[in-house]
Structure formats: C-alpha cells, structure tokens
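# Close look at the chain arrangement
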Amino acid sequence: DSGVTQTPKHLITATGQRVTLRCSPRSGDLSVYWYQQSLDQGLQFLIQYYNGEERAKGNILERFSAQQFPDLHSELNLSSLELGDSALYFCASSASGRVQSNEQFFGPGTRLTVL
Amino acid sequence: AQSVTQPDIHITVSEGASLELRCNYSYGATPYLFWYVQSPGQGLQLLLKYFSGDTLVQGIKGFEAEFKRSQSSFNLRKPSVHWSDAAEYFCAVGGDSNYQLIWGAGTKLIIKP
C-alpha cells in the first residue's frame, strides 16, 4: 500500500459525459501528479500540482482539467468524453516538487471506460 | 529532445534465469534515472534510482542497475528471476530543470516456468 488513495476504482460512462477522479496523496506529500495509461499511448504524464499550484503540464487535453485543494487532495476533471479517453488514470504523490529529490508514490488507479 | 527508449516491448525468461532490461536515454544535462515496476492490476512502485555517485545501484527485490554515461544507458538486472517478477518495468529520466519525469514505453516481463 503506497498510501495514495484514488476513487473511484472503476468508472463506466458514455461519450460526451463529464467525470471527476479524486486522489488523496500520502500524508505530508505536497506534490500530486496525474498520469494516463492506455494500451496505445503507454504511460503519459498529464499534470503536476505542488501545494495547490500547477507546477508542470504534460500531454493534457484542453477537455481535461485538474486542481489541488487546500487539504492537498486533487481532482482530475474529464469532460466531453470520447471513446479514446478510456484508460487507467493514475495519481502519484511526492514530498516535494523536485524530480531529483523524491520518489513518486503511485495510487492503484481509476479505470475509466467510455462507451 | 529528451527521451527514454526501452527497446524491448516484451521479454520472456525462464524462472531462475538472469535478466537484463535495457533503457537508453537522451538528456541534455545530468540525468536522474529511475526504474519502476507495475505488477498486474497495481500502480507503479519504485525499484531503484540513480542520482550520483556509484554507477551501480541496488534496489528492492534483488534488482540492480548500472548507469553508463558513455552509452546513455541505465539497464536493469537481476541474477535470478522469480515468477513473482512478472510485471511491466518502466525506466524514467529527469533532471534539475525538470519537475516531471520522462517515461519509457515499458517492458513486459514474462516468466516461463
């Protein structure tokens, strides 16, 4: 158990809909990362927050957005869903925002299926 | 451009045999290198990391990796694999100027009984 929790574990929805994925980082970790893992794209970094502020952006679509709240939990919002958004979405956390300083601890993921 | 290449999509080895998973990177500065493992249905877990110093690093579960700057490689090794090592392995690189890691495509390890 990494200490990172993600809800829900599974989500099935229809095209055009909007969903929210939630992540609680390990106790004391200030940084949260979101990743998308699909069979054709592999593991893709989406976005990172550090202590409530956006720190780095990767291959995140404009239909997707995220935020980190004062209690440090984070939400990833996916809207106007398409079939191709079906994937496993991981959240990870680390103590700080620096790559070289900290290990990223991954949650178990949320499997999103868009029908 | 910064990139990480894991040239083997799948590798099959017999239980008890030795293992080497390849990772090559392209990075303009001093790299920080990582290997993560993803067991079926699980999130990723850090196996080992290299920041500086001894180029041979030891990790968890009996894994080790060697940083070779001249070859831009950070290959993962294990002298004798166990069935429980069947998983997907990811190499990643980062650096001082990055807040994010650059990930390889992963290598799926299959263990033959």
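Whatever comes next refers back to the structure up there.
The structure displayed is predicted, hence computed values, not measured ones. (Residues numbered from 1 in each chain as written. Chains lettered and ligands numbered in written order. Predicted model: local features only at pLDDT ≥ 70, side-chain atom pairs only at ≥ 80, totals over all residues. Heavy atoms only, no water.)

### Concerning the overall build of chain B
A tally of regular secondary structure across chain B gives 0 helices and 12 strands. Going from the N terminus to the C terminus, chain B shows its helices and strands as β-β-β-β-β-β-β-β-β-β-β-β. Taken against the 2.2 N^0.38 rule, which gives 13 Å for 113 residues, the C-alpha radius of gyration of chain B at 13 Å falls within 12% of a compact globule. A total of 113 residues make up chain B; the buried ones form 47% of that total. Put simply, 54% of the contacts in chain B that link residues at least 6 apart link residues at least 24 apart. (Helix = DSSP H or I, 4+ residues; strand = E, 2+ residues; numbered from the N terminus. Rg over C-alpha atoms; globule rule 2.2 N^0.38 Å. Buried < 20%, exposed > 50% of the residue type's maximum accessible area, 1.4 Å probe, protein only. Contact = heavy atoms within 4.5 Å.)

### Structural notes on the side chain of Gln-44 of chain A
Tracing the backbone through its elements, the reader meets Gln-44 of chain A in strand β5 (residues 42–50). The contact partners of Gln-44 of chain A, leaving out residues within four places of it in the chain, are Trp-34, Tyr-35, Gln-36 and Asn-59 of chain A.

### Concerning the environment of Ala-95 of chain A
Residues and elements named next belong to chain A. Looking at the element boundaries, Ala-95 is found in the loop between β9 (87–94) and β10 (105–106). By relative accessible area, Ala-95 is classed as partly exposed at 33%. With 19 residues separating them in the primary sequence, Ala-95 and Leu-76 have C-alpha atoms 20 Å apart.

### Considerations on the state of the cysteines
All names here are of chain A. On inspection of all chains with the given rule, the structure shows 2 disulfides over all chains. Across a sulfur-sulfur distance of 1.8 Å, Cys-23 and Cys-91 are joined as a disulfide pair. Since a negative S-S torsion denotes a left-handed disulfide, the Cys-23-Cys-91 link at about -50° is left-handed. With Cys-23 in strand β3 (residues 19–24) and Cys-91 in strand β9, this residue pair connects regions lying 68 residues apart in the sequence. The pair formed by Cys-23 and Cys-91 is uniform in burial state, with each residue classed as buried. (Disulfide = S-S within 2.5 Å.)

### A short note on the pattern of salt bridges
Evaluation of the coordinates by the stated rule reveals 7 salt bridges over all chains. The partner of Arg-22 of chain B in a salt bridge is Asp-8 of chain B, with the nearest N and O atoms 3.0 Å apart. With Arg-22 of chain B in the loop between β3 (19–21) and β4 (24–26) and Asp-8 of chain B in the loop between β1 (3–5) and β2 (10–14), this pair connects stretches of sequence that are 14 residues apart. Across the salt bridge formed by Arg-77 of chain B and Glu-66 of chain B, the nearest N and O atoms sit 3.2 Å from each other. Remark: Glu-66 of chain B occurs in strand β8 (residues 64–68) and Arg-77 of chain B occurs in strand β9 (residues 73–78); sequence separation between them is 11 residues. A relative accessible area of 22% means that Glu-66 of chain B is categorised as partly exposed. A single network of salt bridges, built from pairs that share partners, joins Arg-63, Glu-82 and Asp-85 of chain A. (Salt bridge = Lys/Arg side-chain N within 4 Å of Asp/Glu carboxyl O.)

On their own, these measurements won't tell you what the molecule is for.
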